[in-house]
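Architecture and fold: a report
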Amino acid sequence: MGMRIGHGYDVHRFEEGRKLILCGVEIPNDENIGLLGHSDADVAVHALMDAMLGAMALPDIGRLFPDNKEEFKGISSILLLKRVNELIKEKGARLSNADITIIAEKPKLMKYIEQMRQTVAEALGVPETDIGVKATTEEGLGIAGRGIAAHAVVLMEN
Ligand code: MG
């Protein structure tokens, strides 16, 4: 198999009164906004899972964890990530490294980045040095004022 690259992308819109969870970390904010979704709407972990699955040419998370299934309602995306990791291990592969970019105009995420890296690394059983997480805005020009988007790029290896 050698090395395989994968990319994942996801967007969720803001919803008042929901928890904001990114890379498994709850981000408190003054506006009391979270993201709308069937699961916990962790847009960053969704992008990461799709990148890992995509690298392996496996079905994406929409097919693995359909949003009309009661069993996935409100589920922690970190739990789903662990399942994806198991699936990939069964295929004889493992994550070499991941690079996650979160695109959000608000709230400020900087002070949570290290905790996010830690949480994802722990879920995947890899060192923190294999997980990059960064946050950026769209300078008010894009969709990120209305929700949060995330990209993930991964390298998988035997
Ligand atoms: Mg999603």
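Here's a quick rundown of the structure. Not measured: the values here are computed from a predicted model.

Quick notes on the side chain of Asp-40
Structurally, Asp-40 is set in the loop between strand E4 (33–35) and helix H1 (43–55). Buried charge without a partner: Asp-40 forms no salt bridge, and the closest opposite charge is Arg-18, 6.5 Å away. One polar contact links the side chain of Asp-40 to the main-chain amide nitrogen of Asp-42, over a distance of 3.2 Å. When neighbours within four sequence positions are excluded, Asp-40 is seen to be in contact with Arg-18, Ile-21, Gly-74, Ile-75, Ser-76 and Ser-77.

Focus: the pairing of strand E7 (residues 147–157)
Most of E7 is tucked away, with eight of its eleven residues classed as buried. Sheet analysis places strand E1 (residues 3–16) next to E7, joined by eleven bridges and oriented antiparallel. Bridging from a neighbouring strand, Ile-5 pairs with Leu-155 of E7.

Some details on the nonpolar core
Membership of the largest hydrophobic core comes to 52 residues, with the highest contact counts inside it found for Leu-22, Leu-48, Met-52, Leu-81, Ile-102 and Met-116. Looking at this core, the elements with two or more residues in it are E4, H1, helix H3 (77–90), strand E5 (94–103), helix H4 (113–124), strand E6 (131–136) and E7. The element that contributes the greatest number of residues to this core is H1, accounting for ten residues. Setting aside residues up to four positions removed in sequence, Leu-48 forms contacts with Leu-81, Ala-98, Ile-100, Val-120, Leu-124, Ala-152 and Val-154.

Notes on the coordination of the magnesium ion
Binding of the magnesium ion to the protein goes through Asp-10 (OD), His-12 (NE2) and His-46 (ND1), at separations of 2.0 to 2.3 Å. Between consecutive donors of the magnesium ion, the numbers of intervening residues give the motif D-x1-H-x33-H. Linking His-12 in strand E1 with His-46 in helix H1, this pair joins segments that are 34 residues apart in sequence.

A closer look at the pairing of E1
For E1 and E4, the ladder comprises three bridges, and the chain directions are antiparallel. Paired with Glu-16 across the strands is Ile-33, a residue of E4.

Structural notes on H1
In a regular helix each residue adds 1.5 Å, so 13 residues correspond to 18 Å; H1 covers 18 Å between its end C-alpha atoms and thus fits that length. Burial of H1 is extensive: twelve of the 13 residues sit out of reach of the surface. Buried within H1 are the following residues: Val-43, Ala-44, Val-45, His-46, Ala-47, Leu-48, Met-49, Asp-50, Ala-51, Met-52, Leu-53 and Ala-55.

Observations regarding the pattern of salt bridges
Using the criterion set out here, one finds six salt bridges in the structure. Between Lys-19 and Glu-26 there is a salt bridge, and its shortest N-O distance comes to 4.0 Å.

Looking at the packing of aromatic side chains
One pass over the full model with this rule turns up one aromatic pair. Ring geometry for Phe-65 and Phe-72: centres 5.3 Å apart, planes at 75 degrees, overall edge-to-face.

Considering H3
Side chains that are three or four residues apart share a direction in an α-helix, a result of its 3.6 residues per turn. When the terminal C-alpha atoms of H3 are compared, their 20 Å separation across 14 residues agrees well with the 20 Å that a helix rising 1.5 Å per residue should span. Ser-77, Ile-78, Leu-80, Leu-81, Val-84, Asn-85 and Ile-88 are the residues of H3 that are buried. The buried residues of H3 occupy an angular sector of 150 degrees when the element is viewed end-on, so they sit on one face. The N-capping residue of H3, defined by a side-chain oxygen 3.1 Å from the backbone nitrogen of Ile-78, is Ser-76. Downstream of H3 by one or two residues, Gly-92 has phi in the positive range, about 80 degrees.

The rules behind each value
Residues numbered from 1 in each chain as written. Predicted model: local features only at pLDDT ≥ 70, side-chain atom pairs only at ≥ 80, totals over all residues. Heavy atoms only, no water. Helix = DSSP H or I, 4+ residues; strand = E, 2+ residues; numbered from the N terminus. Buried < 20%, exposed > 50% of the residue type's maximum accessible area, 1.4 Å probe, protein only. Lys, Arg positive; Asp, Glu negative; His and termini not counted. Salt bridge = Lys/Arg side-chain N within 4 Å of Asp/Glu carboxyl O. Polar contact = N/O pair within 3.5 Å; in protein donor to acceptor, adjacent residues only side chain to side chain. Contact = heavy atoms within 4.5 Å. Pairing = 2+ DSSP bridges. Core = buried A, V, L, I, M, F, W, Y, C linked by side-chain atoms within 4.5 Å. Donors = N, O, S within 2.8 Å, 3.2 Å for Na, K, Ca; no water. Expected span 1.5 Å × (residues − 1). Phe/Tyr/Trp six-rings, centres within 6.5 Å; stacked < 30°, edge-to-face > 60°. Arc of directions from axis to C-beta.

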